Structures are given as C-alpha cells and as structure tokens.
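Spelled out from the first residue to the last, the chains are:
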Amino acid sequence: MATVYLNIGTPKTGTTAIQSFLRENEGLLNRQGYCFPELSHEVGIRGYKDRNGHFLICNAGSRYQYDEVIVREKGFRAVERLAGKYSNIILSDEELWKSAGKREGLWQLIDEEFRKIGCEMKIIVYLRRQDLFIQSLWNQNVKSKYMRRTESFEECMEQNVFRYFPLNYYRHLSRMTKYLKKENIIVRPYEEGQFEGAEHSIFSDFFQCIGLALTEEYTRETVRRNPGLRGNFLEIKRIINGVPRYREIEDFMETPLRLANEYKVKNDLHADHSMFASHGQQVEFLKKYEKSNRKVAEEFLGREDGTLFYDQVKELPVWKLEPDVMYRDLTLMVTEIFCQQEQKIRELQRDVKRIEGSRVFRMLEKAGRLIK
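This report concerns the structure included in the present document.

## Points about the overall build of the protein chain
Here is step 1: When you go through the protein chain residue by residue, the secondary structure sums to 17 helices and five strands.
Here is step 2: Dimensions of the protein chain, computed from C-alpha atoms along their principal axes, come out at roughly 85 × 55 × 40 Å.
Here is step 3: When the 372 residues of the protein chain are sorted by exposure, 48% land in the buried category.
Here is step 4: If you take every contact in the protein chain between residues at least 6 apart in sequence, the share linking residues at least 24 apart comes to 75%.
Here is step 5: For the protein chain, the accessible surface area stands at approximately 20,300 Å², while carbon and sulfur atoms represent 50% of it.
Here is step 6: Mean positive and mean negative side-chain charge positions of the protein chain (61 and 56 charges, respectively) differ by 5 Å.

Structure below.
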C-alpha cells in the first residue's frame, strides 16, 4: 500500500517554500521512492502546479468554477497510476486546512477514495501561534494581487474579520478525527526552535514527517518563498488597493514593492514591529486560545506540560507611520518602478532591432517602397 502524505498548511507556515523545495529536488525524491507530482494539467485546473492537492477542493478560493466530482475523480485516477510506481506520494495545498475542515464529510470521502486505490493517507499540518498568524494573514491579504485588502489591521480586529479562519486548532482537529485516525494526523508547531531534523529547519522538519533525512544532496537554488511586505511598503500597498481604477487592472505595483522590500530586508533596514494596538491586546487575544492550544499539545504531541508554542510573546514597538522613513521607502519604491520600466524598454528595443534585422522585415520594407 502506498502512502499519500497530504500537507494541508496551514497558510503562512512555509508551505510555498516546501512545495518549491520538493519541486527542485523532484528527481532525487523519485529515486528514493517518493513522488511530488504535477497534476494541474492532468486534472484540468489552472495555476496549481505545486499546489498539487488542490484537486481535492478545486473550487475553494479559485477564480474559476469546475465540476468538482470530475476533477476529483481525475485526481484520484492520477494518484492511483503513480501509486503503482512510487511507494510515497506527496500532495500539498494550504487551502485544505480551512476549506476541507468546514465541509461536513469531505475528509471521510477523501480518505475512503484513497483507500479504494490502495493508498493510506497521512495528514501533515503546521500550526502557527495565533497572534503571529493573523498578522501574517492580514499582510498576505493586503499584498495579494487577488484580494487587495484595504482595511488596516486595527480595523480588521475591530470588525472581527478573521473569524472566518479556524484559529481554534483543537476544535478543528477534533472535527477531522471524526473521520480520520488520530495517529494519521501529524501536527507540527511552526516555530524555529521546534523544527526537527538534521538542520532544524522547516525542510528537515518536513522530511522527518515523511520519513526522509535531509542530506547535502538536496539543493535549494530556486526555492521560492512568500515573504510579507513590511512597514511602509505594506501601508503603501494598502492605500493603493483602495484606488478604484487600480483594483480593475493588473497589480503592477506588486513587483516594485516586493523588490524594494527585499532590498530593505537584505540591508537590515527594517525594524520588527507589532500590528496590534498594544502588547496587552496581543496577550489578551492569545488567551482566547490557551485551552485549545493546551489540548493540542497534550493529545496530538503527547506533551504533559500542555505547551504548544515555546516562544515568548515579545513586546515589540507598535508600528506607526514615520514621515522621514516613508520618504526613504517611497524613493526606493519609485527607483524600482523606474528600473522595471527601463528593463521593459530595453527588451522592446531589442525586439525591434531583431525584427528590423529579419529577412521578412526587409522584404516587407522593400515591397512597401515598390508600392509607393
């Protein structure tokens, strides 16, 4: 029986980096009996090359509408063929934590379908401390080219915007155990000090979950990450998102903002801040989940002390707009815009020269002169 390892997120726990790492090392994984398949074309869904578990919930968070029954059937048939060649198949989609858990009986259906094709399913779920998670989630919502959130973090807290996301981890996991064996649900805290494996990174931790050791053979030259915008760049993007005409066109500011942000991070020009109104508000927010987190630690990690997250809640400065820093950040962003435009101009100039130098162009030019 083949084992399907299904990484269901949660979002903002390094899922993009893990997916990219697996894709880069696909050949090496295959030689060890592991497969991280690319299924989007085979099952007929767009834009989910590395989120290869998306066929299980294909309409969740999608701009397109699919026939879920057909897509899911194609996905299971593809996995069945792969199970004949590989003993371990890795699927991943961070949307599964939220969406599959809210659809009554879906986990049961998924588990039963995998068993029908001779596969045992093991769920891997990473949990991030709730106060850190919602700050990162809000950041992603603002940064996202699809959602383009315009509310400030404080406004989101006042409006309880994050209520749609399952932050009571124990309750959500308990719903899953109605249909799945608890021993087949691997729960891992997303905290640097708790990562296991050879290098104590998210990669070695994930490999330990799937029964592999991370060795020097594995590379990460093209690994993609999904870092959030910070400080003023996030505020600039939030303001831009509110411009009606901008919301109707391509999110062309995403790249220059991201590059300017990366420059500041690389040169250590960013300071850590909290988006909560105060440290007290942050601590109070976490208290709502103390009981839930304790039960997760006890029942899913076997920790008698009931501690799920070890890191202390740091008292960071509350982020506020500083005009002198904003001036510098706007300069960085505008420079990145000019660089991007200059690069496009040069590419177009090269295209024009290539076309002008082509035989077809010369023939057309000659024909035009004859017509005159």
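## Here we look at the sheet that holds strand E1 (residues 2-7)
Here is step 1: Judged by pairing direction, the sheet is parallel, and its five strands sit side by side in the order E2-E3-E1-E4-E5 without closing on themselves. At either margin of the open sheet sits one strand with a lone partner, and together these are strand E2 (34-35) and strand E5 (185-189).
Here is step 2: As judged from the two bridges shared by E2 and strand E3 (residues 88-92), these two strands associate in the parallel manner. Residue Cys 35 lies in a different strand from E3, and its bridge partner there is Ile 89.
Here is step 3: Against the sheet, helix H4 (residues 68-83) makes contact with E1, E2, E3 and strand E4 (119-127), and its axis sits at roughly 150 degrees relative to E3, the strand it touches most.
Here is step 4: In the packing of helix H6 (residues 106-116) onto the sheet, contacts are made with E1, E3 and E4, and the angle to E4 comes to roughly 140 degrees.

## Comments concerning the nonpolar core
Here is step 1: Formed by 71 residues in total, the largest nonpolar core has its most connected members in Trp 107, Phe 114 and Leu 173.
Here is step 2: If near-sequence neighbours (up to four positions away) are discounted, Phe 114 is found in contact with Val 4, Phe 76, Val 79, Leu 91, Cys 119 and Met 121.
Here is step 3: Tyr 34, Tyr 126, Cys 209 and Leu 212 belong to the second largest nonpolar core, which has 24 residues in total.

## A word on the pattern of salt bridges
Here is step 1: Inspection of every chain in the model, using the stated rule, returns 27 salt bridges.
Here is step 2: Among the salt bridges present, the one from Lys 98 reaches Glu 95, with a minimum N-O distance of 3.0 Å. Highlighted residues: Lys 98 and Glu 95, both in helix H5 (residues 95-99), separated by three residues, approximately one helical turn. Note on accessibility: Lys 98 and Glu 95 belong to one class, buried.
Here is step 3: Here Arg 238 ties to Glu 235 by a salt bridge, and the two come within 2.9 Å at their closest N and O atoms. Placement of both Arg 238 and Glu 235 in helix H11 (residues 231-241) is noted, with a separation of three residues, approximately one turn of the helix. With respect to burial, Arg 238 and Glu 235 carry one shared label: buried.
Here is step 4: Residues joined in a network through salt bridges with shared partners are Arg 23, Glu 26, Asp 50 and Arg 224.

## Observations concerning the packing of aromatic side chains
Here is step 1: Under the definition given, this model contains 15 aromatic pairs.
Here is step 2: Geometrically, the ring pair formed by Phe 21 and Tyr 218 is tilted, given 6.1 Å between the ring centres and 35 degrees between the ring planes. Here Phe 21 is found in helix H1 (residues 15-24), whereas its partner Tyr 218 is found in the loop between helix H10 (202-209) and H11, with 197 residues between them in sequence.
Here is step 3: Given the relative accessible area of 1%, Phe 21 is considered buried.
Here is step 4: Pairwise contacts between aromatic rings join Trp 138, Phe 153, Phe 162, Phe 276, Phe 285 and Tyr 289 into one cluster.
Here is step 5: Positioned above the aromatic ring of Phe 300, the side-chain terminus of Lys 182 is 5.0 Å from the ring centre.

## Focus on the packing of H4 against H6
Here is step 1: At a closest axis distance of 10 Å, the pairing of H4 and H6 adopts a crossing angle of 35 degrees. As H4 packs across H6, the resulting crossing turns out to be right-handed. Touching Arg 72, Phe 76 and Val 79 of H4 are Leu 106, Leu 109, Ile 110, Glu 113 and Phe 114, all from H6.
Here is step 2: In terms of residue class, the contact of H4 with H6 is built from six nonpolar, no polar and two charged.

## Notes on H6
Here is step 1: Those residues of H6 lying buried are Leu 106, Trp 107, Ile 110, Asp 111, Glu 113 and Phe 114. Looking down the long axis of H6, one finds its buried residues gathered within 165 degrees of arc, a one-sided arrangement.
Here is step 2: Check the buried side of H6 and you find it contacts E1, H4, E3, H5, E4 and helix H9 (169-176).

Rules and cut-offs
- Residues numbered from 1 in each chain as written.
- Predicted model: local features only at pLDDT ≥ 70, side-chain atom pairs only at ≥ 80, totals over all residues.
- Heavy atoms only, no water.
- Helix = DSSP H or I, 4+ residues; strand = E, 2+ residues; numbered from the N terminus.
- Buried < 20%, exposed > 50% of the residue type's maximum accessible area, 1.4 Å probe, protein only.
- Contact = heavy atoms within 4.5 Å.
- Areas by Shrake-Rupley, 256 points an atom, 1.4 Å probe, with all protein chains shown as cover.
- Lys, Arg positive; Asp, Glu negative; His and termini not counted.
- Charge placed at Lys NZ, Arg CZ, Asp CG, Glu CD.
- Pairing = 2+ DSSP bridges.
- Axes fitted to C-alpha atoms, helices over the stretch in contact; angles between N-to-C directions.
- Core = buried A, V, L, I, M, F, W, Y, C linked by side-chain atoms within 4.5 Å.
- Salt bridge = Lys/Arg side-chain N within 4 Å of Asp/Glu carboxyl O.
- Phe/Tyr/Trp six-rings, centres within 6.5 Å; stacked < 30°, edge-to-face > 60°.
- Lys NZ or Arg CZ within 6 Å of the ring centre and 35° of its normal.
- Left-handed = near helix turned anticlockwise from the far one by under 90°.
- Nonpolar A, V, L, I, M, F, W, Y, C, P; charged D, E, K, R; others polar.
- Arc of directions from axis to C-beta.

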